[in-house]
Amino acid sequence: MFFSLIAIAAVIALFVIVSRQQNRIALVERELGALRSLVLSGAVLPASKAAESASSEEVPTAAIATEPAAQDAAVAEPAAVKTDSADAEVVVGPWKGEAGKNGAKEPEKAEPADTAAPAGTAVPAKAARQTDVEMALGTRWAVWVGGIALALGGLFLLHYTIEAGIFGPGVRLTMAGILGLALIAGAEFIRRTGFKVPVQGAAGAYIPAILTAAGAFILFGTVYAAHGVYGFIGPATAFALLGVIGVATIGASLVHGMALAGIGLVGAMVTPALVASQAPNPWALFVYLAIVLAATTATARIRDWKALVAAAFAGTGIWTVLYMVDAPDVNLAAVLFISLATLAVLAFVWLAGRDAAARGFDWPSIVPGFFIAVSAMGLSVDPAFAGAGDALHGAVLLAALVAVALYQPRALPLVFAAGIATVLIYLGIIPPATIGADALDVGLDAQPLASSDTLTFRIGIALGLIFLAAGFWAARRFAATAPVRAACWAAWGVVAPLVVLLALWLTFGDIDRDFGYALPALLLMLAFAAGGEWIAGAEQPPLAGGPAVSFALGGAGVAGLLMLHMAFGSGWTTVLLAAAAIVPALATRWRSYPVLGWIAVGAAVAVLGRVAFDPTIVGAAFLSRTPVFNWLLPGYGVPALAFGFAAWQLARTSNGRPRLAMEATSALFALLTIAMLVRHAMHGGVIDTGTVTLAEQAIYTLIALGAGAILVAIDMRSPSSVLRYGSMAAGVVSAGLIAVQHFVVLNPLLTDESTGTIPVFNLLLLAYLLPAIAAGALALYVRDKRPRWYAAMLALIASLLAFAYATLSVRRLFKGEFIALWSGLGQLETYTYSALWLVIGVALLTAGVWLKSQVLRIASAVLIAVAVVKVFLFDMSELEGVLRALSFIGLGAVLIGIGLFYQRLLTRAAREVKEIS
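Predicted model only: the values in this text are computed from it and were never measured.

1. Some remarks on the overall build of the protein
Of regular secondary structure, the protein possesses 31 helices and zero strands. Nonlocal contacts in the protein, meaning residues at least 24 apart in sequence, comprise 72% of its contacts between residues at least 6 apart. Surface exposure of the protein reaches about 45400 Å², of which carbon and sulfur atoms provide 70%.

2. Overview of the packing of aromatic side chains
Scanning the entire structure with this criterion turns up twelve aromatic pairs. Here Phe472 and Phe528 contribute two aromatic rings whose centre-to-centre distance is 5.9 Å and whose plane-to-plane angle is 15 degrees, an arrangement assigned as stacked. Placement of Phe472 in helix H15 (residues 454-478) and of Phe528 in helix H17 (residues 515-536) is noted, with a sequence separation of 56 residues between them. When its relative accessible area of 0% is taken as the criterion, Phe528 is described as buried. By the ring-pair criterion, three or more aromatic residues cluster together here, those being Tyr636, Phe643 and Phe669. If you follow Arg485 out to its NZ or CZ, it ends over the ring of Phe478, 5.3 Å from the centre. Positioned above the aromatic ring of Tyr781 is the side chain of Lys785, whose terminal nitrogen or guanidinium carbon lies 4.4 Å from the ring centre.

3. Points about the pattern of salt bridges
Throughout the structure, instances matching the rule amount to five salt bridges. In this structure, Lys306 and Asp304 form a salt bridge, with 3.1 Å as the shortest nitrogen-oxygen distance.

4. Details of H17
Over its 22 residues, H17 runs 31 Å from end to end, which matches the ideal 32 Å to within 8%, given 1.5 Å per residue. Restricting attention to buried positions, one finds in H17 the residues Tyr517, Ala518, Ala521, Leu524, Phe528, Gly531, Gly532, Ile535 and Ala536. Axial view of H17: buried residues confined to an arc of 150 degrees, hence all on one face. The outward face of H17, more than 90 degrees from its buried face, is lined by the exposed residues Phe515, Gly516 and Leu523. Where H17 is buried, its residues meet H15, helix H16 (483-508) and helix H18 (547-567). The N-capping residue of H17, defined by a side-chain oxygen 3.0 Å from the backbone nitrogen of Gly516, is Asp514.

5. Things to note about the nonpolar core
With 137 residues, the main nonpolar core has Tyr426, Trp489, Phe528, Phe643 and Met662 as its most contacted residues. Contact partners of Tyr426, with chain neighbours within four places excluded, come to Thr456, Ile459, Gly460, Leu463, Val500, Ala503 and Leu504. Ala695, Leu763, Tyr768 and Ala798 belong to the second largest nonpolar core, which has 32 residues in total.

6. Remarks on the packing of helix H27 (residues 763-781) against helix H28 (residues 788-815)
With their axes 8 Å apart at the nearest point, H27 and H28 run at an angle of 155 degrees to one another. Taken together, the axes of H27 and H28 lie roughly antiparallel to each other. In the crossing of H27 with H28, the sense of the turn from one axis to the other is left-handed. Its residues placed into classes, the contact of H27 with H28 shows 21 nonpolar, two polar and one charged.

7. Observations regarding a nonpolar patch on the surface
Side chains of Val740, Val744, Val745, Leu750 and Leu821 sit close together on the surface and give an oily, nonpolar patch of about 430 Å² of accessible area. If one sorts the elements of the nonpolar patch by residue count, helix H25 (residues 721-745) sits on top with three residues. For Val740, the position within the fold is in helix H25. Judged by its relative accessible area of 44%, Val740 falls in the partly exposed class.

8. Some points on unusual backbone geometry
Of note, the amide linkage connecting Gln540 to Pro541 takes the cis form, showing an omega dihedral of -5 degrees. The topology assignment puts Pro541 in the loop between H17 and H18. In this model, Val628 sits at a positive phi of 70 degrees, which is unusual for a non-glycine residue. Mapping Val628 onto the fold places it in the loop between helix H21 (594-613) and helix H22 (632-651). On the basis of relative accessibility, which here comes to 37%, the residue Val628 falls in the partly exposed class. A positive phi angle, near 60 degrees, is found at Asp752, a position not held by glycine.

9. Looking at the packing of H21 against helix H23 (residues 657-682)
Here H21 crosses H23 at 25 degrees, and the two axes come no closer than 9 Å. By the angle between their axes, H21 is roughly parallel relative to H23. Here H21 runs over H23; the crossing is left-handed. Each of Gly597, Trp598, Ala600, Val601, Ala604, Val607, Leu608 and Val611 in H21 lies in contact with H23, whose residues at this interface are Arg657, Pro658, Ala661, Met662, Thr665, Leu668 and Phe669. Its residues assigned to classes, the contact of H21 with H23 shows twelve nonpolar, two polar and one charged.

10. Digging into the environment of Thr701
As for its placement among the helices and strands, Thr701 is situated in helix H24 (residues 694-717). The class of Thr701 is buried, set by a relative accessible area of 0%. In this structure Thr701 touches Ser734, Leu737, Ile738 and His742, once residues within four positions along its chain are discounted.

11. Focus: the environment of Ala462
Structurally, Ala462 can be placed in helix H15. For the pair Ala462 and Pro497, spaced 35 residues apart in sequence, the C-alpha separation works out to 9.5 Å.

12. What to know about the side chain of Asp514
Within the fold, Asp514 resides in the loop between H16 and H17. Although Asp514 is buried, it forms no salt bridge, and the closest oppositely charged side chain is Arg513 at an N-O distance of 9.8 Å. A polar contact of 2.8 Å, which involves the side chain of Asp514, links it to the backbone nitrogen of Asp510.

13. Section: the side chain of Asp362
Positionally, Asp362 belongs in the loop between helix H10 (332-350) and helix H11 (366-381). Buried charged residue Asp362 carries no salt bridge. Nearest counter-charge: Arg410, at 4.9 Å. There is a polar contact of 2.9 Å between the side chain of Asp362 and the side chain of Trp350.

14. A look at the confidence of the model for the protein
Per-residue confidence for the protein gives a mean pLDDT of 75; residues scoring 70 or more make up 66%. Low pLDDT (under 50) marks residues 1-18, which in the prediction has five contacts with non-local residues, meaning those over four places away or in another chain. Every residue in residues 133-142 is under pLDDT 50, and counting partners more than four places away or in other chains gives 18 contacts.

Rules of the game
- Residues numbered from 1 in each chain as written.
- Predicted model: local features only at pLDDT ≥ 70, side-chain atom pairs only at ≥ 80, totals over all residues.
- Heavy atoms only, no water.
- Helix = DSSP H or I, 4+ residues; strand = E, 2+ residues; numbered from the N terminus.
- Contact = heavy atoms within 4.5 Å.
- Areas by Shrake-Rupley, 256 points an atom, 1.4 Å probe, with all protein chains shown as cover.
- Phe/Tyr/Trp six-rings, centres within 6.5 Å; stacked < 30°, edge-to-face > 60°.
- Buried < 20%, exposed > 50% of the residue type's maximum accessible area, 1.4 Å probe, protein only.
- Lys NZ or Arg CZ within 6 Å of the ring centre and 35° of its normal.
- Salt bridge = Lys/Arg side-chain N within 4 Å of Asp/Glu carboxyl O.
- Expected span 1.5 Å × (residues − 1).
- Arc of directions from axis to C-beta.
- Polar contact = N/O pair within 3.5 Å; in protein donor to acceptor, adjacent residues only side chain to side chain.
- Core = buried A, V, L, I, M, F, W, Y, C linked by side-chain atoms within 4.5 Å.
- Axes fitted to C-alpha atoms, helices over the stretch in contact; angles between N-to-C directions.
- Parallel < 35°, antiparallel > 145°, perpendicular 65-115°, else oblique.
- Left-handed = near helix turned anticlockwise from the far one by under 90°.
- Nonpolar A, V, L, I, M, F, W, Y, C, P; charged D, E, K, R; others polar.
- Patch = residues over 30% accessible without salt bridge, like charges linked within 9 Å, V, L, I, M, F, W, Y side chains within 5 Å.
- Lys, Arg positive; Asp, Glu negative; His and termini not counted.
- pLDDT = per-residue confidence, 0-100.

So this is what it looks like as structure tokens:
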């Protein structure tokens, strides 16, 4: 019922549209005939008639050309309008304007200028929209709906005859086949009789193509019904007929457009699923797919239909993967055949004759690269295949991908597909326990994702050599003409061998030390370095050090890191890797490759990662307890020296950002050397356990302040942004540590830590007085060398540390070794604090005036204000007798003295101003 309503509605709509179009076409033909007769007779079309015609039809007439009045000729010569080709001839329809045959406008009579603009030449927007919708309905939608209706009609006719039992099965199928052939024949007849779309915008509804598609659709259904419904023909015959129909439809698309090719391709790809067989033959399937793929690609190559060829490769790849997944006994020869056939079609049909030197890549080649790489991974990773030794077939496919990418440079995605598949395969053979991944449930039952055996080992070596040779050869080939393509090849020439070597070492070698793998790593390092120099020789200009060279030399650096880790223990690896940063820095004397400096930075980053992983350098169990002279000294000291030398060398050659990075890491390791040695000494040779004490923290603070001063001094001799901001960072970090650790977390008032038994040389001297002196000295030193806020911050920190030292020393004088707050306050102790704070306030005021430091004067005012508040609020209630009186007398005397001091300063300043004026 539903389909009947659709059919009735479609017929009524088509009837109305066709009737209206016939009336309009007849009217246009009459108008064109009248205009032709007027032009040929030399008569002038009256403006009123033109306006009346335009008004009645609501369409513009052709504009009347004007000629100068000085012309004696009454009739203008007709202008010939040329078109590019016969296929491009398009005649404007009646709702767009008027034109003559073959799209050339008819010659028109010249008129005076005042009659050149007939009325009614502008069409309202509403009318234009109505005519556009009408054109779409009448020219495009009607044709497409009609084609679909024809196709469905043929199938519905078959369905009806089956239900009604009017004809036998053979007759019904014969009638359907005749209908399909008739539609195709009618389409060809219309095309050969010179059919052309006479309306602009209607070319997308090309009637011959739609009729051909409808006929092909009906033929597909007829053959399938003959096989799947009635069993008139066997699987082989049905398979062949459906394939022939599909390939023929694809071939017909050369004259009917890509949409028809898409229909034929879909039908051809669905054919194997429609035809069932009791004993499926993979060779028949894949030979058939190869034929369809070749035919589709050849057709697409003629018209450069990239989407069509990508769809053909996708269909072939999907069938291959489905066969490998579902088939109980996979025929590997058939899989290899279709994969290699796909690559052959890509190389010799689709990409044949294309400009190899053109930049970019051919995006449809991504599709076969993806599916062939998936097939190769399945053969190498799936236990059902790898266990039978089928990984060799996967390696053949990977090598074939690389070979085709070499032969056809525009097929660059193939090398990416091969490289990614190789990396995933060999990362999958690593046992999870080797990298500590078994705790994360990686793999099945903590087993590697891929099999690791002798064949995998040998295939890995072969694939690594293939990528190395092909990558560097192609990189040199394209270094001058296509740098990006050369970089891609060089990258995979480095990444694939390195990943294979790493995977084999972690799977088959000794992780702690293995000279058997260190030697191949050394050879790879030398090969990468020599390859980078070889590629650089082909650059334009030579030895420019482009991206391909950078990948090669960067790979050499990574191979060197692996070699050191494989050949030496953790201690020597750290030291030698740091020393290796000097090599690329020295190489900048002979080569100006930008990557050399970054290789040195990479070595520094590797050393940082190494010490972050194991700060003891050689492991806590093997670290000697001897102070200073243990593995911490070379483990941190050698990197500091090596990175400093590399920065010095880079400053004299490249002098870029790598130099700044090396300066920063050198300064960092210098600080770490001292800090780690201090912690080692203060914790009895153990650096990874135990809480930080105030004495230890004080040493760290002194080191940071000293480092800030050293960096400032070096920066004054050899200016560097790293040294400038590094020195300021050291000061800021020191201030933060003092504020948090010295005053709060580790303060003896809060922790009740022992301050020592010696009266002066005790913990308070180390933790407060010495840092106060260091911060004050640094504030004076950087006063004219760093921003004002930085010097002011250091001066304030120094004042607070001095205040804390004096106050805590008074506390220790009254309480002894332990000075925690909960031990209480005595009256004399309370008075002493007031007197001390006033003395310190006066001292700060004096120092501020002498040094012309506003920060010290403000600190003095704040401290005296605190003393005043203490005297009036605390001493008044807590002190008694003579101590209370002395407290107020002392406060008053100090305040009056400060007032007199400031008055003298103001008087002197006023006198100096008066003398100057």
